[in-house]
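The lines below spell out each chain.
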Protein chains: 2
Amino acid sequence: MSDKPKPLGPIPAGYHAIDGELAIGGRPVSALIAEAGETPLFVYSREMIAARMAHLRAALPDRIRVHYAIKANSFRPVLETMASLADGLDIASAGELALVLSAGCDPAKVSFAGPGKRDEELEAAIGAGVTLNLESEGEAERALAIAERIGMTPRLAIRVNPDFDLRGSGMKMGGGARQFGVDADRVAPLAMRIIQAGCEWRGLHIFAGSQALDAEAVIAAQGATLDLADAIAREIGVALPALNLGGGFGIPYFAGDTPLDVGAVGAALADRFAALPEMLAEAELAVELGRYLVGEAGVYLTRIVDRKESRGETFLITDGGLHHQLAASGNFGTVVRRNYPLAIASQFGAAPAQIANVVGCLCTPLDRLADRAALPRADVGDLVAVFCAGAYGASASPSNFLGHGPAAEMLV
Amino acid sequence: MSDKPKPLGPIPAGYHAIDGELAIGGRPVSALIAEAGETPLFVYSREMIAARMAHLRAALPDRIRVHYAIKANSFRPVLETMASLADGLDIASAGELALVLSAGCDPAKVSFAGPGKRDEELEAAIGAGVTLNLESEGEAERALAIAERIGMTPRLAIRVNPDFDLRGSGMKMGGGARQFGVDADRVAPLAMRIIQAGCEWRGLHIFAGSQALDAEAVIAAQGATLDLADAIAREIGVALPALNLGGGFGIPYFAGDTPLDVGAVGAALADRFAALPEMLAEAELAVELGRYLVGEAGVYLTRIVDRKESRGETFLITDGGLHHQLAASGNFGTVVRRNYPLAIASQFGAAPAQIANVVGCLCTPLDRLADRAALPRADVGDLVAVFCAGAYGASASPSNFLGHGPAAEMLV
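Residues numbered from 1 in each chain as written. Chains lettered and ligands numbered in written order. Predicted model: local features only at pLDDT ≥ 70, side-chain atom pairs only at ≥ 80, totals over all residues. Heavy atoms only, no water.

(A) Focus on the relation of the copies chain B and chain A. In screw terms, the move from chain B to chain A is a rotation of 180 degrees and a rise of 0.0 Å along the axis, fitting with an RMSD of 0.0 Å. Within this description, the copies of the chain are treated as partners about a two-fold rotation axis. Taking C-alpha positions as reference, the residue of chain B nearest the rotation axis is B:Pro398, located at 1.9 Å. (Least-squares fit on C-alpha atoms with pLDDT ≥ 70 in both.)

Here it is as structure tokens:
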């Protein structure tokens, strides 16, 4: 080995080898690939999803509801699993509405957020009886007119653009000027308009950011969220029926990242819940999570089709790539490319014996899965696992790019 | 208007208004949308593609062949148009092979490059009679074994990883250690192996970079490519049958970008062609272009579904977004987000009257189509046009993200 490798992200807890091979759900990945028939393949673990949910529920106060944001992963078996484990589902389009309805989810447990809802989407959502998280005064007026026209009482909440953000979050969703929600100081008049119009008032949705690993930052944002919700409810003059506190619970992707301390988050929430102001005392309280619930439970498996040397560097070229795992290539929402957690799945746990670049099969230099990684010796036919592939992998990648088509997916 | 707007990219030449509305192919975009039935919609102009090709052919020496890299845009009607206008088609996957064959393209005019070709892809390509641009010694051996097994004489070229890059290019495809091609100093022995094995020797493919706007840089790379091809051919000892000089011809996307001077490129090529070394004298010479041929001929149309104010900024929220136009959102291959060319299509050419952010409908802050743009006053129902959408738009975006599905496409 020459030169220094670049670090890989941390492999999530719970992955082990069977006979030297990565196993998921107790089965070696080669057996899973044989069952699926091909690589590339996303494998999601039902057991790990359930364990994550159990861990979270143990850490958080009983009172809090856990909602699943299906945009993270809407593969049908995963969606059905989450529908059974979570207390609610959050959707972001008419397409996702159709998905949750076809999966048999109870519309009363579904809420629909998103800054650009078309009239057809509003009508479908109101007709189905799901809660709309309104993103603007204009959207509210359109929703009221549609509800009137189709003779339904709409279930309406307001998404708030808070006057704070989630410190250290990967994506800021609040604070400053945003396309999301109604600025906090304009929420109360809109809520009063909705209540006076005879709609079912479903309270507030306050989402300050996502992908935070610092418990203190999450605690501060949740505290500010409760304070803001109380202030708005007092301004409205009606006790809040429900409050979606948003998400923001991150997972470690990169070297140096450490898991979020959900125990600390839960303890702080319990303290707050013990002394809730009157306006929040009876509210349904929920967190909305996607990545945190399913991200670590997914692995993207791809096979090495070529091993080559170029000017002193080794390239392991796989049959997968950024068309399935855009974020792992460093091309989605990141400024500086860093390595995701990645391993040679067919020699899982073996000692590093080379420094290699792991790249995809696309004819573009953007298609890189690992840069100068220290890996066991790997050859054509060996399998590569990219971890943290359970959220925003298959769903957030350009699967048609270069005509390779989507990867297979399975839940085990 | 308060504060300073951020500049928009330059709108490509050839777009005009009819009755104040952007027209493509002589028809106002509202009529095109009515025909397609919906927004978001990609519209590609056959006339502009043909004009671009004619402009290019007039600038380049007659001898040069112009190949189209279908990865830029493989929408069936565009592909058929390019098959009739270009001298060859370049593909990058078995999926793209199936596309060109189903469109009736002559396999003898098709070449297949890509660093991770699977055995099934090699077999399909050899069986169909397309030229393989081999990316490594390992791939060459696999191709030879497959050809032997299926009893075909494969048409083989070698992709070279040159020892130079394309200065100022948006993506470097050569120079240094690369997953693409065989390092220049190892090409000759591989070529001799291929020739001695009785394959049809199809020469070299040398691709130094893409998206360059500086003619001098393209001229320097083409000159270095011809020199390198000559040196390799002399080492092989066989006159070169064909040389794919690669592409690299860029289009302006951002404020301050100026079009590539293809006249200068053509004049320099003509000079070189007038005194080609013996080893290249009879070679088929080609450039391989994608973005340059179709990029400016496409427009992405999306409708404003909400207009809102947030803390002093205006947001125009559209029914489109990064799920169709990832690169325009600044999330694909760019480090610093800059605005693409964009206009209010329903008031095309009207004077700016506001500074607004144009965002997509996705529930993520990444979904931004224009940041603080100076635009005419626009409201719900107005149409937004994002230009330079003919290449790497529909094909290179995560169309399933958040369940909105793909945009419609039409060629006029």
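Still more ground to cover, so stick around.
(B) Representation of the nonpolar core. Formed by 284 residues in total, the largest nonpolar core has its most connected members in A:Leu22, A:Leu204, B:Leu22 and B:Leu204. Those residues in contact with A:Leu204 that sit more than four places away from it in its chain are A:Ile158, A:Val160, A:Val187, A:Ala229, A:Ile232, A:Leu240, A:Ala242, A:Leu243 and A:Asn244. (Core = buried A, V, L, I, M, F, W, Y, C linked by side-chain atoms within 4.5 Å. Buried < 20%, exposed > 50% of the residue type's maximum accessible area, 1.4 Å probe, protein only. Contact = heavy atoms within 4.5 Å.)

(C) Seen up close, the packing of aromatic side chains. The tally for this structure, following the rule as stated, stands at 22 aromatic pairs over all chains. With a centroid separation of 5.9 Å and 80 degrees between ring planes, the pair formed by A:Phe401 and B:Tyr392 is classed as edge-to-face. Here the residue A:Phe401 occupies a position in the loop between strand E21 (383-386) and strand E22 (408-411), and B:Tyr392 occupies one in the loop between strand E21 (383-386) and strand E22 (408-411), the pair thus bridging two chains. One exposure class covers both A:Phe401 and B:Tyr392, and it is buried. Aromatic side chains B:Phe249 and B:Tyr292 sit 5.6 Å apart centroid to centroid with 80 degrees between the ring planes, which places their arrangement in the edge-to-face category. Here B:Phe249 is found in the loop between strand E14 (242-244) and helix H9 (262-273), whereas its partner B:Tyr292 is found in helix H10 (residues 291-294), with 43 residues between them in sequence. (Phe/Tyr/Trp six-rings, centres within 6.5 Å; stacked < 30°, edge-to-face > 60°. Helix = DSSP H or I, 4+ residues; strand = E, 2+ residues; numbered from the N terminus.)

(D) Highlighting the environment of A:Ile24. Residues and elements named next belong to chain A. Mapping Ile24 onto the fold places it in strand E2 (residues 21-24). Each C-alpha atom of the pair Ile24 and Leu411 lies 9.9 Å from the other, and the pair is 387 residues apart in sequence. Not counting residues within four places of it along the chain, the set of residues in contact with Ile24 comprises Tyr15, Val29, Leu32, Val43, Ser45, Val299 and Val412.

(E) The sheet that holds strand E1 (residues 16-18) of chain A, seen in detail. Residues and elements named next belong to chain A. As summarised here, the arrangement of the three strands in space is E1-E2-E3, forming an open sheet in which the pairing is antiparallel. Of all the strands in the sheet, the pair left with one neighbour each is E1 and strand E3 (27-28). Across three bridges, E1 lies against E2 in antiparallel orientation. Along E2, the bridge assignment pairs Ile18 with Glu21. (Pairing = 2+ DSSP bridges.)

(F) Here's a closer look at the interface of chain B and chain A. On the side of chain A, 72 residues touch chain B, which itself brings 71 residues to the contact. Here chain B and chain A share an interface that buries about 5300 Å² over both sides, 58% of which is from carbon and sulfur atoms. Contact with chain A buries area across many residues of chain B, yet B:Gln179, B:Arg311 and B:Cys363 alone supply 14% of it, more than any other trio. Linking chain B with chain A are zero salt bridges, by the criterion used here. (Buried area = accessible area lost by both parts, 1.4 Å probe. Salt bridge = Lys/Arg side-chain N within 4 Å of Asp/Glu carboxyl O.)

(G) Up close: the packing of helix H5 (residues 119-128) of chain B against helix H6 (residues 137-150) of chain B. Residue and element names in this part refer to chain B. Axis separation between H5 and H6 bottoms out at 9 Å; the angle between their running directions is 55 degrees. Between H5 and H6, the angle falls in the class oblique. Crossing angle aside, the handedness with which H5 passes H6 is right-handed. The segment H5 lies against H6, with Asp119, Leu122, Glu123, Ile126 and Gly127 engaging Glu139, Arg142, Ala143, Ile146, Ala147, Arg149 and Ile150. Partitioned by chemical class, the residues of the contact of H5 with H6 number six nonpolar, one polar and five charged. (Axes fitted to C-alpha atoms, helices over the stretch in contact; angles between N-to-C directions. Parallel < 35°, antiparallel > 145°, perpendicular 65-115°, else oblique. Left-handed = near helix turned anticlockwise from the far one by under 90°. Nonpolar A, V, L, I, M, F, W, Y, C, P; charged D, E, K, R; others polar.)

(H) Seen up close, the environment of A:Ile206. Its place among the elements puts A:Ile206 in strand E12 (residues 200-206). Setting aside its immediate chain neighbours within four residues, A:Ile206 contacts A:Val160, A:Pro162, A:Phe164, A:Thr225, A:Leu228, A:Ala229, A:Leu243, A:Asn244, A:Leu245 and A:Gly246.

(I) Main features of the environment of B:Pro115. Among the structural elements, B:Pro115 can be located in the loop between strand E7 (110-112) and H5. A sequence separation of 65 residues divides B:Pro115 from B:Phe180, and the C-alpha atoms of the two residues are 5.7 Å apart. Once residues within four sequence positions are removed from consideration, B:Pro115 is found in contact with A:Asp306, A:Ile317, A:Gly360, A:Cys361, A:Leu362, A:Cys363, B:Glu135, B:Glu139, B:Gln179 and B:Phe180.

(J) Broad picture of a nonpolar patch on the surface. Together, A:Val335, A:Val336, B:Val335 and B:Val336 line one region of the surface with nonpolar side chains, adding up to about 410 Å² of accessible area. Of note, B:Val335 is situated in the loop between strand E17 (313-318) and strand E18 (342-344). (Patch = residues over 30% accessible without salt bridge, like charges linked within 9 Å, V, L, I, M, F, W, Y side chains within 5 Å. Areas by Shrake-Rupley, 256 points an atom, 1.4 Å probe, with all protein chains shown as cover.)

(K) The domain arrangement of chain A, seen in detail. Residues and elements named next belong to chain A. Considered domain by domain, chain A is made up of domain 1 (16-44 + 295-411) and domain 2 (74-289). Centre-to-centre separation of domain 1 and domain 2, based on C-alpha positions: 34 Å. Counting each side, the surface lost to burial between domain 1 and domain 2 is near 1000 Å², with a carbon and sulfur contribution of 71%. One can count zero residue pairs in polar contact (both at pLDDT 80 or more) joining domain 1 with domain 2. By residue class, the composition of the side of domain 1 that touches domain 2 is six nonpolar, two polar and three charged. (Domains from an automatic or database assignment. Polar contact = N/O pair within 3.5 Å; in protein donor to acceptor, adjacent residues only side chain to side chain.)

(L) The confidence of the model for chain A, seen in detail. In this model, chain A carries an average pLDDT of 96, and 99% of its residues clear a pLDDT of 70 or more. Both confidence scores are given for the complex: pTM 0.96, ipTM 0.95. (pLDDT = per-residue confidence, 0-100.)

(M) Geometry of the packing of helix H4 (residues 94-102) of chain B against H5(B). Residue and element names in this part refer to chain B. The interhelical angle for the contact between H4 and H5, taken along N-to-C directions, is 25 degrees, at an axis separation of 9 Å. When the axes of H4 and H5 are compared, the pair comes out roughly parallel. The chirality of how H4 crosses H5 is left-handed. Of the residues in H5, those in contact with Ala94, Leu97 and Leu101 of H4 are Glu121, Ala124, Ala125 and Ala128. Considered class by class, the residues forming the contact of H4 with H5 number six nonpolar, no polar and one charged.

(N) Expanded view of helix H1 (residues 29-36) of chain A. All names here are of chain A. Within the span of H1, buried status applies to Val29, Leu32 and Ile33. All buried residues of H1 lie within an arc of 100 degrees about the axis, which places them on one face of the element. Structural note: H1 exposes Ala34 and Glu35 on the side pointing more than 90 degrees away from its buried face. Gly37 sits one or two residues past H1 and shows a positive phi near 95 degrees. (Arc of directions from axis to C-beta.)

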